[in-house]
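Observations on the model geometry
Here's the letter readout for the chains.
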Amino acid sequence: MYNNILSETSDSITTITINRPSKLNALNKETIEELHTAFAKAEEDTGVRVVIITGSGEKAFVAGADISEFANFSEEEGAELARKGQELLFDYVAEMGTPVIAAVNGFALGGGLELAMAAHFRIASDNARMGLPEVSLGVIPGYGGTQRLPQLVGKGRAMEMIMTAGMIDANTALEYGLINHITAQEELLPLANKLGGKIMRNSPMAIAAAINAVNAGYENAVDGFDTEIEEFGGCFGTEDFTEGTTAFLEKRKAEF
Ligand code: COA
């Protein structure tokens, strides 16, 4: 039924697995659309009490948006990419009434970290690496990263992560409050299911209301999401963006 993801439900928990391991589970357009469908199905099914999102393989949760797909986009297409993605997936997940746990099983970079941050909370395996490397490509995070990272780790740490384009390891992510727990890789999904089990003992209606109330406290960030879309689109008209994405696809270091 899906080309890029797997979705299975057991004991009222839906586990959605992004399944493009040869591309480190990078998010192309079709994957984002399939994820939207799978999350929407889980949200509409009252039998589903928790959703776990993870990546297939041992290396990556998601290594970002698919760079090969947007390297030639115009400014308008860039802004549209961010706007559509935020609507279909990132804001959609953040606003779901069904709790979503991200089980980060490896690299969570760019759109991958943004997807993990859109989930209601995150756990990670000890090999996980997280970062927002977009400025190394001549662009900025466009799927909510400029808003959700400072909310989770504080402004200064977010600024440093975004400006250096560096990766942090799972221990640093724990220290920053970006993830709640670290486990060995083989224990990651069992822990996500165990946490899901604890959540399920509680009222689904009250949980949905609590998610809505917690999210409401961050609503002043709404303008920030719009600014992100505008700035993201603007990057697509720059020489730095052409150089950054071309260098990645040619497997060389960008020269800005
Ligand atoms: N978009 C498209 N393809 C991607 C990708 C992305 N974001 N991330 C990885 N891939 C592809 C690679 O091009 C490669 O494909 P190929 O085998 O057809 O050449 C494959 O996935 C494996 O990646 P590779 O780079 O060879 O693995 P690595 O172990 O050497 O490096 C990373 C792993 C995560 C450090 C590296 O893939 C990377 O930097 N990815 C991009 C991260 C990024 O900038 N994300 C933000 C996008 S906005």
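Everything numeric here is computed off the predicted structure, so don't read it as measured data.

Thresholds applied
Residues numbered from 1 in each chain as written. Predicted model: local features only at pLDDT ≥ 70, side-chain atom pairs only at ≥ 80, totals over all residues. Heavy atoms only, no water. Helix = DSSP H or I, 4+ residues; strand = E, 2+ residues; numbered from the N terminus. Buried < 20%, exposed > 50% of the residue type's maximum accessible area, 1.4 Å probe, protein only. Contact = heavy atoms within 4.5 Å. Areas by Shrake-Rupley, 256 points an atom, 1.4 Å probe, with all protein chains shown as cover. Lys, Arg positive; Asp, Glu negative; His and termini not counted. Charge placed at Lys NZ, Arg CZ, Asp CG, Glu CD. Patch = residues over 30% accessible without salt bridge, like charges linked within 9 Å, V, L, I, M, F, W, Y side chains within 5 Å. Salt bridge = Lys/Arg side-chain N within 4 Å of Asp/Glu carboxyl O. Pairing = 2+ DSSP bridges. Axes fitted to C-alpha atoms, helices over the stretch in contact; angles between N-to-C directions. Near = heavy atom within 4 Å. Polar contact = N/O pair within 3.5 Å; in protein donor to acceptor, adjacent residues only side chain to side chain. Nonpolar A, V, L, I, M, F, W, Y, C, P; charged D, E, K, R; others polar. Phe/Tyr/Trp six-rings, centres within 6.5 Å; stacked < 30°, edge-to-face > 60°. Core = buried A, V, L, I, M, F, W, Y, C linked by side-chain atoms within 4.5 Å. pLDDT = per-residue confidence, 0-100. Expected span 1.5 Å × (residues − 1). Bend = angle between axes of the 7 residues up to and from the residue. Parallel < 35°, antiparallel > 145°, perpendicular 65-115°, else oblique. Left-handed = near helix turned anticlockwise from the far one by under 90°.

The next subject is the overall build of the protein. Along the protein, the regular secondary structure elements total eleven helices and ten strands. Its C-alpha atoms give the protein principal-axis dimensions of about 55 × 40 × 35 Å. Looking at the protein as a whole, 50% of its 256 residues are labelled buried. At a minimum sequence separation of 6, the contacts of the protein that also span at least 24 residues come to 74%. Total accessible area on the protein is roughly 12100 Å²; 50% of this is exposed by carbon and sulfur atoms. Side-chain charges of the protein comprise 19 positive and 37 negative groups, with the mean position of each set lying 6 Å from the other.

Further remarks concern a negative patch on the surface. Side chains of Glu-58, Asp-126, Glu-186 and Glu-187 sit close together on the surface and give a patch of like negative charge. Its location among the elements puts Glu-187 in the loop between strand E10 (181-183) and helix H8 (188-200).

Taken in spatial order, the four strands of this open sheet run E4-E6-E8-E9, and their pairing is mixed. Across the chains shown, the open sheet's two edge strands, defined by having one partner strand only, are strand E4 (60-62) and strand E9 (167-169). The sheet shows a mean angle of 20° between the axes of neighbouring strands, taken without regard to direction. Across three bridges, strand E8 (residues 129-131) lies against E9 in antiparallel orientation. Bridge pairing in E9 links Met-130 to Ile-168. Packing against the sheet, helix H4 (residues 111-118) makes contact with E4, strand E6 (107-109) and E8, and its axis sits at approximately 90° to E6.

Another point: the site of the ligand. Residues in close proximity to the ligand total 18 residues, the closest being Lys-23, Lys-59, Ala-65, Ile-67 and Lys-251. Within the backbone of Ile-67, a nitrogen or oxygen atom sits 3.0 Å from a nitrogen atom of the ligand. A distance of 2.8 Å separates an oxygen atom of the ligand from a polar atom in the side chain of Lys-251. When the ligand is considered free in solution it has 860 Å² of accessible area, and contact with the protein chains removes 69% of it. Of the residues that constitute the shell around the ligand, the class distribution is eleven nonpolar, two polar and five charged.

As a further point, take the packing of aromatic side chains. One pass over the structure, following the stated rule, counts six aromatic pairs. Ring geometry for Phe-70 and Phe-236: centres 5.9 Å apart, planes at 65°, overall edge-to-face. With Phe-70 in helix H2 (residues 67-70) and Phe-236 in the loop between helix H10 (222-235) and helix H11 (239-249), this pair connects stretches of sequence that are 166 residues apart. Between the aromatic rings of Phe-70 and Phe-241, the centroid separation amounts to 6.1 Å while the plane-to-plane angle is 25°, which identifies the pairing as stacked. One end of the pair, Phe-70, is in helix H2; the other, Phe-241, is in helix H11, and 171 residues separate them in sequence.

Turning to the nonpolar core, a few remarks are in order. By size, the foremost hydrophobic cluster in this structure holds 58 residues, and its most contacted members are Leu-35, Phe-39, Ile-53 and Met-130. Per element, the largest residue contribution to this core is six residues, and it comes from helix H3 (residues 75-94). Counting residues in each nonpolar core, the second largest holds 14 residues, with Ile-13, Ile-52, Ala-103 and Ile-123 among its members.

What follows covers the confidence of the model for the protein. Predicted confidence across the protein gives a mean pLDDT of 97, with 100% of residues reaching 70 or more. Confidence, read as mean pLDDT per element, is least for H10 in the protein (91) and greatest for strand E5 (residues 100-104) (99).

Turning to the sheet that holds strand E7 (residues 121-125), a few remarks are in order. Spatially, E1-E2-E3-E5-E7-E10 is the arrangement adopted by the six strands of the open sheet, whose pairing is mixed. Two strands lie at the open edges of the sheet, namely strand E1 (5-10) and E10, each paired on one side alone. Going across the sheet, the axis of each strand differs from the next one's by a mean of 20°, ignoring polarity. Pairing of E1 with strand E2 (residues 13-18) involves six bridges; the strand directions are antiparallel.

Let's shift gears to H3. Taking 1.5 Å per residue as the helical rise, H3 with its 20 residues ought to reach 28 Å, and the 26 Å between its terminal C-alpha atoms agrees with that figure. Residue Gln-86 marks the point of greatest curvature in H3, where the axis turns by about 50°. Considered for burial, the residues of H3 that qualify are Gly-78, Ala-79, Leu-81, Ala-82, Gly-85, Gln-86, Leu-89, Phe-90, Asp-91, Val-93 and Ala-94.

Our focus in this paragraph is the packing of H4 against helix H5 (residues 145-153). Relative to each other, H4 and H5 sit at 55°, their axes nearing to 10 Å. Relative to H5, the element H4 lies oblique. Crossing of H4 against H5: the hand is left-handed. Where H4 approaches H5, its residues Glu-114, Met-117 and Ala-118 are matched on the opposing element by Gly-145, Arg-148, Leu-149 and Leu-152. Here the residues of the contact of H4 with H5 are counted per class, giving four nonpolar, one polar and two charged.

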